[in-house]
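Summary of the model geometry
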Amino acid sequence: MNDSVKSVIALVVICLVVTVALSAVNYVTAPIIAENSSKAVMGSLAEALPGADGFEEIEPAADAPETVKGIYKENNGLGYVVTLETTSQYSESPMGITVGIGTDGIIKNIVLTNYAETKDFGADYPATYVGQDSALSGVELVSGVTYSSTAFRNAVTDAYTALFAVADVAAGEMSDDQMAAEAIGELLPSSLDNTGACKVEEADGLYVSANKTGYAMVADKVAYVTDAFGNYVGCKSFDEAASEDSSAVEAVKAAAAEAYAKVSEKNSERILKMYEDAEVSVLVPQGVQSTVNGAYRFTSGGSTYYAMTASAFGYGGAVNVMYVVDENGEIAKFKVLSHNETEYYGDVVSQSDYTGGYPGQVLGSISDDVIAISGCTFTTNAVKTAAEDVTAAFSAVKEAQ
C-alpha cells in the first residue's frame, strides 16, 4: 500500500472519529441547551408578569402574526405572556421581546430577551409601554431610531392581535388622533411614511397628515377623510354601531378646503417670488390622491404655467418640492421647499448643483441622472415618487380643462 493511499485512509478515519465525537457531544449537550433555553423563556415569563404562579402554553390562532412565537396563560388568572421575535432594517439578529398583559388589557411589563440592533433606542424605551393598553396611545417612536422602535411597537401590537384571537382580554380605546391617522393611512396610502405609519397633527378638530396629503375629522367613532384639496375620499368607522353622517362629511370638506386655501396662500407667495407678474389661480383637481398636495395655474410674460407641490417621504421625513412647468410639461423651475434629509448626505437636495438639473426636462421623461443622488436611496426614491405623481396630476389637470 503506497503512502498516498495510507494518507487518504488516515484522513477518512480521522473524519469518522471527529463526526462520532461531535455527535456524542451534541447528544449530551442538546438536551442541556434545550433545558437552559426553556428556563430562560420561563424566566422571562415570570419577569413579564410579576406575581405569576406558573403558566400554561396556548396554541396561537392559525393566522397569528409571524412575530408571535408563543402565548402563555398564567395559572391563577393574572393574565397572559406573549413571546415575540422581530427585525428592523438595522437588526443583526431578531429582537426578542416578552410582554406580559393582564386580563384588563394593560401591559404589566416588557422584557427584552435579545437586542442586537445597530441603532439603539435606549434601555428606557420598553418601560414606556408599561401601563398602556392595546391602543398604545401614550407611546411615541424614538427620533433617530425610527425603524427599530417601529419594529418594537409593531411587535407589541402583534401580541395584542394574537391574544384577542384566543383569549378574553379587554381592548383599549383609540384616541381621536389615532383614529384619524389610521383612517387617513388606509384611505390615502401616500400619507404613509417609510415605516408604514401615518402621523397627524391636529388643529381645531381637523387632523392633517404629516406630508399634508390628507385631512380628517372624527365624530362618534367615525373618521371622515378628504384628500389634500378638500375632496371627500371616504370614512372609516371604529364602532360597529356607527354610520356615516352627511353633516360630518360636509364639515370635514369645508375645514379641509379652508386648510388648503391657507397652504395655497403660502405657495402663491412662493410663485410670486419666482414670477413677480404672476396671476395665480388655485386649482382643485379631482381624483389626484397622491403625494401631490398643491396645484396652481398662472400666467407670466404672456405664457401659461402650472405649479405643483408634492411631499414624498424619504429617510428622515418628507421631501417637499415644487415643480413649475409650461403647458407642454417642460420644467421651467424646480425647487426643494423643505426636507428632513440630514443623515449621510446633508443638504445635497437643496443645492443648485442638484436642482439646476431639472429645468428643460419634461415631466414623464426626467432623466435618472437628474433625479438620482449617489448614496441617497431613500431621498432618490422620494423625489422619483414625487416626479411621477406630479406628472399624473399635471395630466389630470390638463384633461379637466
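Here goes a summary of the coordinates provided. (Residues numbered from 1 in each chain as written. Predicted model: local features only at pLDDT ≥ 70, side-chain atom pairs only at ≥ 80, totals over all residues. Heavy atoms only, no water.)

1. What to know about the layout of surface pockets
Convention followed: Within this scheme a cavity is a closed region of a 1 Å grid, computed over the protein atoms alone, that accommodates a 1.4 Å probe without allowing it to escape, whereas a pocket is open but has protein on both sides within 12 Å along at least five of seven lines; lining residues each have an atom within 4 Å of a point. Grid points are joined across faces, edges and corners, and a volume is the space filled by probe spheres set on the points. Comment: elements are numbered from the N terminus, with helices defined as DSSP H or I runs of at least four residues and strands as E runs of at least two. Residues were grouped as follows: Ala, Val, Leu, Ile, Met, Phe, Trp, Tyr, Cys and Pro as nonpolar; Asp, Glu, Lys and Arg as charged; and all remaining residues, including Gly, as polar.
A volume near 510 Å³ is recorded for the second largest pocket. In terms of lining residues, the second largest pocket is bounded by 23 residues, among which Ala-210, Lys-212, Ser-311, Asn-320 and Ser-338 are the most central. Counting only elements with at least two residues in the lining of the second largest pocket, the list comes to α4 (246–274), β13 (303–313), β14 (318–326) and β15 (331–338). Sorting elements by how many residues they give to the lining of the second largest pocket places α4 first, with 5 residues. Residue composition of the lining of the second largest pocket, by class: 7 nonpolar, 11 polar and 5 charged.

2. Comments concerning the pairing of strand β2 (residues 68–74)
Defined as follows: Residue exposure (1.4 Å probe, protein chains only): buried if accessible area is under 20% of the type maximum, exposed if over 50%, otherwise partly exposed. Whether two strands pair depends on DSSP finding at least two bridges between them.
Taking burial as the measure, the 7 residues of β2 include 5 buried ones, the bulk of the element. For strand β1 (residues 55–58) and β2, the ladder comprises 4 bridges, and the chain directions are antiparallel. Following the sheet pairing, Ile-58 is matched in β2 by Ile-71. Relative to strand β3 (residues 79–86), β2 is paired through 5 bridges, and the arrangement is antiparallel.

3. What to know about the packing of aromatic side chains
The following threshold applies: Stacked, edge-to-face and tilted are the three classes for Phe, Tyr and Trp ring pairs, Trp counted by its six-membered ring, which pair at centre distances within 6.5 Å; planes under 30 degrees apart are stacked, over 60 edge-to-face, the rest tilted. Comment: the charge-over-ring label is applied if NZ (Lys) or CZ (Arg) is within 6 Å of the ring centre and within 35 degrees of the ring normal.
In the structure shown here, the tally under the stated rule is 16 aromatic pairs. Taken together, a centroid distance of 5.2 Å and an interplanar angle of 85° make the contact between Phe-229 and Tyr-260 edge-to-face. Taken together, the residues span a long stretch of sequence, with Phe-229 in the loop between β9 (222–227) and β10 (232–237) and Tyr-260 in helix α4 at a distance of 31 residues. In this pair, the class of Phe-229 matches that of Tyr-260, namely buried. Geometrically, the ring pair formed by Phe-334 and Tyr-358 is stacked, given 3.8 Å between the ring centres and 15° between the ring planes. In this pair, Phe-334 is assigned in strand β15 and Tyr-358 in the loop between α5 (352–355) and α6 (368–371), connecting sequence segments 24 residues apart. Here Phe-334 falls in the buried class, since its relative accessible area comes to 7%. Through a chain of ring-to-ring contacts, three or more aromatic side chains come together here, namely Tyr-115, Phe-121, Tyr-125, Tyr-129 and Phe-152. Positioned above the aromatic ring of Phe-238, the side-chain terminus of Lys-236 is 5.4 Å from the ring centre.

4. Concerning the sheet that holds β2
For clarity, the cut-off: Throughout, an axis means a line fitted to C-alpha atoms (over the contacting stretch in the case of helices), and angles, computed between N-to-C directions, take values from 0 to 180 degrees.
Read across the sheet, 5 strands follow the order β1-β2-β3-β4-β5 without closing on themselves; strand pairing throughout is antiparallel. Looking at strand neighbours, the two that pair on one side only are β1 and β5 (107–114), the edges of this open sheet. Neighbour-to-neighbour, the strand axes of this sheet turn through a mean angle of 20°, independent of strand direction. Inspection of the sheet shows β3 paired to strand β4 (residues 95–102) by 8 bridges, in the antiparallel sense. Among the inter-strand pairings, Thr-86 is bridged to a residue of β4, identified as Met-95.

5. Side note on unusual backbone geometry
Positive phi outside glycine occurs at Asp-204, with the angle close to 55°. In this fold, Asp-204 is placed in the loop between β6 (200–203) and β7 (206–209). Take Asp-204: its relative accessible area is 79%, and that puts it in the exposed class. Even without being glycine, Asp-220 reaches a positive phi, approximately 50°. Relative to the elements of secondary structure, Asp-220 occurs in the loop between β8 (214–219) and β9.

6. Concerning the sheet that holds β15
The following threshold applies: Contact between two residues is taken to exist if any of their heavy atoms lie within 4.5 Å; hydrogens are not considered.
Spatially, β11-β12-β13-β14-β15 is the arrangement adopted by the 5 strands of the open sheet, whose pairing is antiparallel. The two strands at the open ends of the sheet, each matched to only one other strand, are β11 (279–282) and β15. The average angle at which neighbouring strand axes cross in this sheet is 20°, direction not considered. By the bridge criterion, 6 bridges tie β14 to β15 in an arrangement that is antiparallel. Bridge assignment links Tyr-323 to a residue of β15, and that residue is Phe-334. Set on the sheet, α4 makes contact with β11, β12 (292–300), β13, β14 and β15; between it and β12 the angle comes to about 45°. Along the sheet, helix α7 (residues 377–400) makes contact with β12, β13 and β14, crossing β13 at roughly 140°.

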